Amino acid sequence: MPADLLLELGCEEIPAKMLSRALAELPAMITARLAEARLPHGEIVALGTPRRLALVVRGLADRQPDLRERVVGPPVSAGFAPDGTPTKAAIGFAQKNGVDPASLERAPVEGKKGEYVVATRHVAGQDAAAVLVPLIEGLIPALPWPKSMRWAFGEATFVRPMHWIVCLLGGEVLPVRFAGLRAGRATRGHRFLAPDAIDLAGADAYAPALQRAFVIADPAARRDLVIAELRRVEAESGLRVRMDEGLLAEVTNLVEYPVAVMGTFDPAYLEVPEEVIVTAIRNHQRYFAMEERDGDHRGALAPRFVTIAGTIVRQPAVVAAGNERAVRPRLADAQFFFREDRKKALAEHGRALDDVVFLAKLGTVGAKVARVARLAEGVGAAVGLDRTLVRRAAELAKADLSTGVVGEFPELQGIMGGHYARLAGEPEAVWRAIPDHYRPRGASDAPPESDVGAALAIADRLDTIVGCFAIDQEPTGSADPLGLRRAAIGVLSILLERGPGGARFDDGGPWRHLRVDRLIDDARDVLEASGVAVKPEDVGEVREFFRGRLRGLLLDEGLQPQDVDAALGAGWSDVCDARIRARDLAVVPAEARAVFKRISNILDDAAMKGIAAAGGVRPELFAAPDNVEHRLLRAFHGIEQVLDAAVAAHDYRRVFGLLVELQPAVAAFFDKGGVMVMDPDPALRDNRLALLGKVIAPFAKVADFRALAAAGGAS
Amino acid sequence: MYLQDLIFRLQSFWAEHGCVVEQPVDVEVGAGTFHPATFLRVLGPEPWNAAFAQFCRRPKDGRYGDNPNRLGAYYQFQVGLKPAPVNVQELYLASLRTIGLDPGAHDIRFVEDDWESPTLGAWGLGWEVWADGMEVTQFTYFQQAGGIDLMPVTAELTYGVERIAMYLQDVDSIFDIRWDKHTTYRQLRHPWEVEYSRYHFEELHAPFYFQLFDTYEAECKRLLGVGLTLPAYEMCMKSSHAFNSLDARGAISVTERQRYIGRVRGLARACAEAYVRSRAALGFPLLAADDGAAAKAAFDGALEAGVNAAALAAARAVAPAAGEAGEVSRAG
């Protein structure tokens, strides 16, 4: 009868992030092992707290099914004597597989010639218990901890010392061993609130028994309880918690039994920008920040915080007071750094960057700032921005890197620079650009809001990318320590957002003139002027690098790979134009793709053979009056003017519509009743090549038909 | 509770639990881990349980006595338990109760914090222990020291006594801590903070310290060459302090910094290896005689593969049989 399996590994406090990862990977690990062991089962649930990692497998079969297995032996010629009796070799083969030699059969074997001796072997399924013990003993050391340790005299390694193992199949203990421990049925409750051993009858008893012992074993339930606790504090305080998913995930895995406790800090610290306070209390203390829920200051940071304690204490006020004391030096430090930073002008902080190395061969951060300023001026000029503003923003963009607050909280780079610039009375376009130019900070972040920020963001990243390729620091395989892929994606997403077809196109008209190849060239020129040699092959590699990232972005938009490749094949440096062509290609049906791909292939083959279709099309060489050649040329002439105009106007929907219109004439040209392009007569052949070349030329400006799938497949 | 009572209570607690109460090392160190009672004793197969308060110098953290939370020197109360007992967390929590941090009244948590000392070639896994959001102890299972894999594993508990005292005495500045009934931390320590901040940041003569560093380094190597491991390690500690002083003075650039750390680490590694060899030569005297002989035989037999392999072999020769640990843990 199927039974439920419970495995619990009891240990000292597992780091929160490592616990999350183990919980995520455990189900797939056990599923794969059970499949390999031929043990059917139902639902698998991973459970865990800082002090335990657990697994429940529902409806696990009580034994493996019996197995009938065909085993291939020697060829029939070697296995049976001419009179049909098994040879010595065949008898040995039968014995090895535990079958009667009389039961051996002859059968063909796939991929081999002739017939072979085949035995059908019966393997009796084993009891689940017998299979599971070694399976689990193999699973425990295979758990994916980023760092493991040994303890006492032990050889075994695990994330932290292990103290107990519970392993029950149905109601029976499976005698799993690890690190000198032997599994039993006794778990433990909360370290302080219910420390005694608790005997478990089976998997069903697990979560309820632990809940009674102040342990919420299910991470999802514990997360819900953290949220409920936060809501309780909100209701009691009339304030709102600043929800933070990363922090929520972390604190959920820092406790077995969450209890929210609210604390207060001196409102005088609110002179410091909110981001500093929120970062200080989150990073160092794992506190949630709170904000005003009602009134004029709705949304403003409140001088309160919430900590998620891991136990029920006699007097929560004691815990609150302790946490208030713990956070005070953090906030005092933040305030101290903020005040110290403000004693100097932001530009003055920036001067310290002349002594900070950016990358050994690319000079100091100060030198980088100078290059970015030059490059950004060029970008700004191309999109019509005020040169003084761009220059000022570029000069200040990195200055906060040498401030005290950013030294303490590196993740506030840009944000602090923005505050300091605003407080010093810099123009809004300048102070907004400073935090903005780091955007997008990751895949889920939006590109810069402001124009100056966008220009800076592009210049900053291009300098880094081209510079790194020039000094051979380009990404290899999965290694991209300098984040160049993300940087390139950042540039492209800014261009894609601000150009035609992008979300911000309305207010970004002039941005359409930026082309990636020219930006790369400009970055090269600025680098070379500052003494960094950029080889032509570096530039080529950077172009390919950007093209690869663009392809990825367009695929992420849901476009078809062949549409993207065809569009990029006809030019990609104007990235918005390439995107529109890729999008509009979707309207071309499979038949049309097929005939135009055929034209491309024929012209390619001819070119490879050194046959060039020189000169214009000469209708007098067509094979017959009003034949497919005449009809194709006529059809083409019929649309030629409209087509050229549509290409010039970037009206690709129209271009591809005309392609579809032309498709029947092209198809007829190639059909059975059509003509043979590669005619033995060179004059006829060259004339037909010229015709095809003429027909495809305007379309080849917008798509490379060779990239289209042979069988069509438009979607 | 006065600061000195806090130390008294921790000493008594750990003495009752089998620790030798050692005294601080009389050489400048940046952390209790540098004390030979920790750094050297964690090496090799011999058991060792010790507790001591250590004056720790962090020249760079000096603030002229102006900052209520940061000092250029402070005290650590350190406990080393080798091998780490199965119930070491429970023992530690019991020690907190004796100084008034009862888990029934406070939110005590073990929060991941892995420890690494690049100068000592040492690392371990463990936690910072929080009491109501405040870090009160660094709790580490040593995995490696001086580049040598550690077996048995030592648990190192480092109590931040000032932090705990501030909490228990309800004061907001380290300088307001009452040392005893009559004396404050300010009275005892403030002049030192003022003068040493000025010294380290303004007056320290860098060429002199560079020369000191080179001299200590050369002397360490020379002493190792003549088989004087303990004096050699003293030179290693002194070179580390010379480096910390130069670093505080701003005399060492970012790129040079790594080189200096590497030089100290080189000394620490050499001392660690020499120490294990010297203990083996003595027959690992802190083990029972039979075990010491077995460990020494195993060490000598494996020495061809290096000191690291030999130290592991020595430990395995005296390790309790597999399964025993399980019995202990069930009992505990």
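The following paragraphs examine the structure supplied in this document. Here the residue numbers are simple positions, counted from 1 along each chain's written sequence. Written order determines the labels here, with chains lettered from A and ligands numbered from 1. For this predicted model, a pLDDT threshold of at least 70 governs which residues receive local features, and a threshold of 80 or more governs which side-chain atom pairs are given and counted, while totals over whole chains, interfaces and linings are taken from all residues. Side-chain calculation: all heavy atoms of the structure are included, whereas hydrogens and water are not.

**Some points on the overall build of chain A**
Phase 1: A run of H or I in DSSP counts as a helix once it spans at least four residues, and a run of E counts as a strand once it spans at least two, with each numbered from the N terminus. Within chain A one finds 25 helices and 18 strands.
Phase 2: Here the C-alpha radius of gyration of chain A, 36 Å, is well above what a compact globule of 715 residues would show, namely 27 Å.
Phase 3: Considered along the principal axes of its C-alpha atoms, chain A spans approximately 105 × 100 × 50 Å.
Phase 4: Per-residue burial over chain A gives 51% buried out of 715 residues.
Phase 5: The criterion used for residue contact is that any of the two residues' heavy atoms lie within 4.5 Å. Excluding contacts between residues fewer than 6 apart, the proportion of contacts in chain A whose partners are at least 24 apart in sequence is 68%.
Phase 6: Summing over all exposed atoms, chain A offers an accessible surface of approximately 31100 Å²; the carbon and sulfur share of this is 53%.
Phase 7: Charge counting treats Lys and Arg as positive and Asp and Glu as negative, with His and both chain ends excluded. Just so you know, the charge point we use is NZ for Lys, CZ for Arg, CG for Asp and CD for Glu. Of the charged side chains in chain A, 89 are positive and 97 negative; the average position of the first set lies 2 Å away from that of the second. C-alpha atoms define the radius of gyration, and 2.2 Å times the number of residues to the power 0.38 defines the globule rule. The classification of residues rests on relative accessible area computed with a 1.4 Å probe and restricted to protein chains. Under 20% of the type maximum is buried, over 50% is exposed, and intermediate values are partly exposed. Note on areas: Shrake-Rupley, 1.4 Å probe, and residue coverage restricted to the protein chains presented here.

**Some points on the nonpolar core**
Phase 1: Residues A:Phe158, A:Phe546, B:Trp14 and B:Tyr159 are the most contacted members of the largest nonpolar core, which totals 188 residues.
Phase 2: Sorting elements by how many residues they give to this core places helix H16 (residues 451-470) of chain A first, with 13 residues. For our purposes a nonpolar core is just a set of buried Ala, Val, Leu, Ile, Met, Phe, Trp, Tyr and Cys residues, chained together by side-chain atoms within 4.5 Å.

**A short note on helix H18 (residues 516-529) of chain A**
All names here are of chain A.
Phase 1: Helix span is expected to be 1.5 Å times the residue number reduced by one. With 14 residues, H18 extends 20 Å between its outermost C-alpha atoms, agreeing within 8% with the 20 Å of an ideal straight helix rising 1.5 Å per residue.
Phase 2: Those residues of H18 lying buried are Val516, Asp517, Leu519, Ile520, Asp521, Ala523, Val526 and Leu527.
Phase 3: Along its buried surface, H18 packs onto helix H11 (365-382), H16, helix H17 (484-498), helix H19 (536-556) and helix H21 (575-584).

**What to know about the pairing of strand S5 (residues 105-108) of chain A**
Residues and elements named next belong to chain A.
Phase 1: When S5 meets strand S6 (residues 115-123), the two strands line up antiparallel, connected through 4 bridges. Bridging from a neighbouring strand, Arg106 pairs with Val117 of S6.
Phase 2: Following S5, the chain reverses through 6 residues before pairing antiparallel with S6; Gly111 in that reversal takes a positive phi of roughly 85 degrees. Strands are labelled as partners when DSSP assigns at least two bridges between them.

**A closer look at the sheet that holds strand S15 (residues 288-292) of chain A**
Residue and element names in this part refer to chain A.
Phase 1: Spatially, 4 strands are ordered S13-S15-S16-S14 in an open sheet, and the strand pairing comes out antiparallel. Edge positions in the sheet fall to strand S13 (239-241) and strand S14 (259-264), since each has one partner strand and no second. For this sheet, the mean angle separating the axes of adjacent strands, direction not counted, is 35 degrees.
Phase 2: Where S13 and S15 come together, 3 bridges link them in antiparallel fashion. The residue bridging Val241 from the neighbouring strand is Met290, located in S15.
Phase 3: Against the sheet, helix H6 (residues 219-237) touches S13, S14, S15 and strand S16 (301-309), its axis set at about 40 degrees to S14.
Phase 4: An axis is simply a line fitted to the C-alpha atoms; with a helix, the fit covers only the stretch in contact. Between two such axes, the angle follows the N-to-C directions and lies from 0 to 180 degrees. Its contacts with the sheet place helix H9 (residues 316-342) against S14 and S16, and it is angled at close to 55 degrees to S14.

**Quick look at the sheet that holds S6(A)**
Residue and element names in this part refer to chain A.
Phase 1: Spatially, S4-S6-S5 is the arrangement adopted by the 3 strands of the open sheet, whose pairing is antiparallel. Only two strands of the sheet have a single neighbouring strand rather than two, namely strand S4 (67-75) and S5. Across the sheet, the axes of successive neighbouring strands diverge by a mean angle of 45 degrees, strand direction being ignored.
Phase 2: Across 7 bridges, S4 lies against S6 in antiparallel orientation. Opposite Pro75, over in S6, you have Tyr116 as the bridge partner.
Phase 3: The sheet strands contacting helix H3 (residues 88-96) are S4 and S6, and the helix crosses S4 at an angle near 160 degrees.

**Focus on the interface of chain B and chain A**
Phase 1: The interface is formed by 52 residues belonging to chain B together with 47 residues belonging to chain A.
Phase 2: What counts as buried area is the accessible surface, traced by a 1.4 Å probe, that two parts surrender upon association, with contributions from both included. Taken over both partners, the interface formed by chain B and chain A buries close to 4000 Å², and the fraction arising from carbon and sulfur atoms is 51%.
Phase 3: By definition, a salt bridge exists where a carboxyl oxygen of Asp or Glu is found within 4 Å of a side-chain nitrogen of Lys or Arg. At the surface where chain B touches chain A, the tally comes to 9 salt bridges.
Phase 4: The partner of B:Arg70 in a salt bridge is A:Asp333, and the shortest N-O contact between them spans 2.9 Å.
Phase 5: Two N or O atoms count as a polar contact when they lie within 3.5 Å, although within protein this holds only if one can serve as hydrogen donor and the other as acceptor, and sequence-adjacent residues are included solely when both atoms are side-chain atoms. On the surface where chain B and chain A come into contact, there are 24 residue pairs in polar contact (both at pLDDT 80 or more).
Phase 6: Mapped by element, the contributors of at least two residues to the side of chain B that touches chain A are helix H3 (88-98), strand S4 (108-112), strand S6 (122-131), strand S7 (134-145), helix H4 (161-169), helix H10 (307-318) and helix H11 (324-331) of chain B.
Phase 7: Amino acids outside the nonpolar list (Ala, Val, Leu, Ile, Met, Phe, Trp, Tyr, Cys, Pro) and the charged list (Asp, Glu, Lys, Arg) are all regarded as polar, and Gly is one of them. When the residues that make up the side of chain B that touches chain A are grouped by side-chain class, the tally is 28 nonpolar, 11 polar and 13 charged.

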